[in-house]
Structures are given as structure tokens and as C-alpha cells.
Amino acid sequence: LWREHWSAPHAGDAEAMRVDRARADQLLTAAGLPRRRLADGRERPRLQLRVLVLEDTTMARVAARLKRMYAAVGVELLLESLPEPEVMARVQADNYDAFLSPLFTGYGMSRAYLAYADHDRDRLVSRGYVAARQAAEAVRRAPDDEAVARAVHELHRVLIDDPPEVTLFWQKGERAVGSRVRVPDGVEGDVLGSLPRWTPVEGS
């Protein structure tokens, strides 16, 4: 969900998504993936995952850090750096374990609806995730601002409790408005939030 949505759904993210390596270790062991050591004392990875990485300097840095963090709990990431067309072809062919790529969010909730709601339009990834369908539909059907805020927060809760993916960081773009447009004072967050109140500058 967009970081600067007016209903502020991300207020509790730091606590909800804190790193807990001990818990991760417990969950992997409970799933039948205990830590194991080879005869020479080296630790054998309890799990290996093929991760497609979009060829990009930022993605490469993130992937390297992820590899170290997952190794700390006994999971080996096998990184494959590929250009975007190859990553998308592999994703659409379901030929991967995971992939690392930027995720673009837009102003409003349309991208979240397209990703998670129950509809027949094309999706980037379609692997049977249905946990957020009802919550995404509730956002679309909300009759007023209060109902929208409640629905967005419920969708956010569902995505944290039963995540379809892991959001690792946010890249932030900047916007600029030309001098022929007057933007109202006191705008916070994304300037597009004030779009209905923009007015033309006289004589422009």
C-alpha cells in the first residue's frame, strides 16, 4: 500500500514487521528444516532458494544484504541477476522460488485492488493468493471516507498477517509542479493529494 495514503495505514509497521531471528529459527525447525552440520564442521544450508534479481545496482545491494541475513538462519539464497525481460518471463512461467524487484505503488488504492481483489484482469503474479480478496473488495465498496480508512487499515492488517510478498524498502520519487499552477499552502506528503485544490496562476 502507498506509503503516503491519507489514512496512514503504515503507522505500526516498525513493530509489526520487526526482525526476529530467533523466531525465524524456531519456525524453520518446526517446519522440518533443522540446522545440520557436515563432518568437517561446516553448517549445511537447511534450505536453498533460487532468487531472481533484477539487474540494477540498488537491487544488487539489497540482494547481497538479504543473502547475509538469510544465511544467519541457515537459508542459502542462490542469486540470479537477470535483465527485466528475462525476470518477467521466468516469473510468468513460474520458474523461480522468489524474485527481487521494485514494486511500484500509486496514488490511491488501484494497484492494491488489481493485485489482490477478486477479478479476471491480468496480474503480474498469480500463484493462488486469496487472503486479501475480501479486504480489497471492501476498499472498493466503501461508501465514505471513514469507511475507506477502516477498509484500508483492514487490508493492511491482512497483508501483514498473511503476506503475499515481503516489502523490504521504499524508494521515493520526487514531484515538481510548474509555475503556472498555484498549490495551496500547508500541503504535507505527496503533492498530488492536493490536486483538487490547485488553481491556475493569473496571466499564465
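Everything that follows concerns the structure shown earlier in this document.
Visitor: Sorry, what's going on with helix 3 (residues 57-71) here?
Guide: An α-helix turns once per 3.6 residues; consequently, residues spaced three or four apart project the same way. The first and last C-alpha atoms of helix 3 sit 21 Å apart over 15 residues, in line with the 21 Å expected at 1.5 Å per residue. The set of residues buried in helix 3 consists of Thr 58, Met 59, Val 62, Ala 63 and Leu 66. Taken end-on, helix 3 shows its buried residues confined to a sector of 125°, consistent with a single buried face. Looking at helix 3, the residues exposed on the side facing more than 90 degrees away from the buried face are Thr 57, Arg 61, Arg 65 and Arg 68. The elements touched by buried residues of helix 3 are strand 3 (47-54), strand 4 (75-82) and strand 5 (98-100). Put simply, Asp 56 is the residue that caps the front of helix 3, since its side-chain oxygen is 2.9 Å from the backbone nitrogen of Thr 58.

Visitor: How should I be thinking about the environment of Arg 140 in this particular structure?
Guide: Considering the arrangement of structural elements, one finds Arg 140 in helix 6 (residues 133-141). With 27 residues separating them in the primary sequence, Arg 140 and Tyr 113 have C-alpha atoms 7.7 Å apart. Within the local environment of Arg 140, its side chain forms a polar contact with the side chain of Tyr 113, the two groups lying 3.2 Å apart.

Visitor: I'm lost on a nonpolar patch on the surface in this one. Help?
Guide: On the surface, a cluster of nonpolar side chains totalling about 250 Å² of accessible area is made up of Val 19, Met 69 and Tyr 70. Relative to the elements of secondary structure, Val 19 occurs in the loop between helix 1 (13-16) and helix 2 (21-30). We classify Val 19 as exposed; its relative accessible area is 54%.

Visitor: Help me understand helix 4 (residues 84-92), please; the structure alone is not making it clear to me.
Guide: Those residues of helix 4 that fall on the buried side of the exposure criterion are Val 87, Met 88, Arg 90 and Val 91. The arc that holds every buried residue of helix 4, seen down its axis, measures 160°, which confines them to one face. Opposite the buried face of helix 4, at more than 90 degrees from it, the exposed residues are Pro 85 and Gln 92. Those residues of helix 4 that are buried lie in contact with strand 3, strand 4 and strand 5.

How each quantity is defined
Residues numbered from 1 in each chain as written. Predicted model: local features only at pLDDT ≥ 70, side-chain atom pairs only at ≥ 80, totals over all residues. Heavy atoms only, no water. Helix = DSSP H or I, 4+ residues; strand = E, 2+ residues; numbered from the N terminus. Expected span 1.5 Å × (residues − 1). Buried < 20%, exposed > 50% of the residue type's maximum accessible area, 1.4 Å probe, protein only. Arc of directions from axis to C-beta. Contact = heavy atoms within 4.5 Å. Polar contact = N/O pair within 3.5 Å; in protein donor to acceptor, adjacent residues only side chain to side chain. Patch = residues over 30% accessible without salt bridge, like charges linked within 9 Å, V, L, I, M, F, W, Y side chains within 5 Å. Areas by Shrake-Rupley, 256 points an atom, 1.4 Å probe, with all protein chains shown as cover. Salt bridge = Lys/Arg side-chain N within 4 Å of Asp/Glu carboxyl O.

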